[in-house]
Amino acid sequence: FINQSASVGGWLALAYLTKASAVFLLGGFLVWSLSVRGLRRWGWLAVVSFAVISSPLLVRNARAFGNPLYSFNTRFLFADSFEQGLSRPFRGTWTEARDYLNTYSGRSILRRAASGLAWEGFIFLRSLAPATLGDSRPLVGLVILLLALLGTIQADRQLICLAAMWSGIFYLFFAWYVPIAAGDRFLAPIIPIVLLFAARG
């Protein structure tokens, strides 16, 4: 478990040097590790390994922006459009989140979340099927998804939980991100997992 935890932290650090959203996977791994006997004691090693390997970027972000986990894309989290996110000065994620909650009603926030979940669901189904199928991709994707659900029957419970956590983090994050950018490429980390379960189904 010591080597596994350190390795996961190291691989996620390398991913973080390429794409800032890898830090969400580190958080997901830490939450998941709490449910695994033995790994629970060594989850912190993933954080240490992550910090050591990604330290050049962490130090640079802390010096330049005052936040070691700074990402340019966070300025779009609480914007209504890509253009709006670019046009206004970024004041920090927590400040942006507070202003967003104070500016918009609960109904508006729920409408954005629901719309994002629906659109991301459509994109997800479309992404499961080959591009050559054209307009019928979502229907074929639905069949593949049903096969994936069938494939979870009698599968290892821990594996299902890990796959659901991994997929859920990406799906929910990019569903909220739909007004800014949407596309098949955002779901690339999820598709292989679903196809593996579909093949089992």
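Coordinates for the structure precede this section.
Presented here is an overview of the structure given in this document. (Residues numbered from 1 in each chain as written. Predicted model: local features only at pLDDT ≥ 70, side-chain atom pairs only at ≥ 80, totals over all residues. Heavy atoms only, no water.)

Some words on unusual backbone geometry
A positive phi is found at Gln154, a non-glycine position, where the angle reads about 65 degrees. As for its position among the elements, Gln154 is in the loop between helix 8 (137-151) and helix 9 (157-176). (Helix = DSSP H or I, 4+ residues; strand = E, 2+ residues; numbered from the N terminus.)

Quick word on the packing of helix 7 (residues 106-128) against helix 10 (residues 191-200)
Two quantities define a packed helix pair, namely the angle between the helix axes and the distance between the axes. Contact geometry of helix 7 with helix 10 gives a least axis separation of 10 Å together with a crossing angle of 60 degrees. Relative to helix 10, the element helix 7 is oriented oblique. Our pair here, helix 7 against helix 10, has a crossing hand that is right-handed. Residue-level contacts link Phe124, Ser127 and Leu128 of helix 7 to Ile191, Val194 and Leu195 of helix 10. Here the residues of the contact of helix 7 with helix 10 are counted per class, giving 5 nonpolar, 1 polar and no charged. (Axes fitted to C-alpha atoms, helices over the stretch in contact; angles between N-to-C directions. Parallel < 35°, antiparallel > 145°, perpendicular 65-115°, else oblique. Left-handed = near helix turned anticlockwise from the far one by under 90°. Contact = heavy atoms within 4.5 Å. Nonpolar A, V, L, I, M, F, W, Y, C, P; charged D, E, K, R; others polar.)

With respect to the pattern of salt bridges
A complete count under the given rule lists 4 salt bridges for this structure. Asp80 is the salt-bridge partner of Arg112, the closest N and O atoms lying 4.0 Å from each other. Taken together, the positions of Arg112 in helix 7 and Asp80 in the loop between helix 4 (55-65) and helix 5 (82-87) put the pair 32 residues apart, joining distant regions of the chain. Note on Arg112: relative accessible area 9%, which makes it buried. One salt bridge connects Arg126 with Asp184, and the closest N-O pair in it is separated by 2.9 Å. Of this pair, Arg126 sits in helix 7 while Asp184 sits in the loop between helix 9 and helix 10; the two residues are 58 residues apart in sequence, bridging distant segments of the chain. With relative accessibility at 25%, the residue Arg126 sits in the partly exposed group. The class for Asp184 is partly exposed, based on a relative accessible area of 30%. Look at the salt bridges and you will find they share partners, linking Arg126, Arg137 and Asp184 into a network. (Salt bridge = Lys/Arg side-chain N within 4 Å of Asp/Glu carboxyl O. Buried < 20%, exposed > 50% of the residue type's maximum accessible area, 1.4 Å probe, protein only.)

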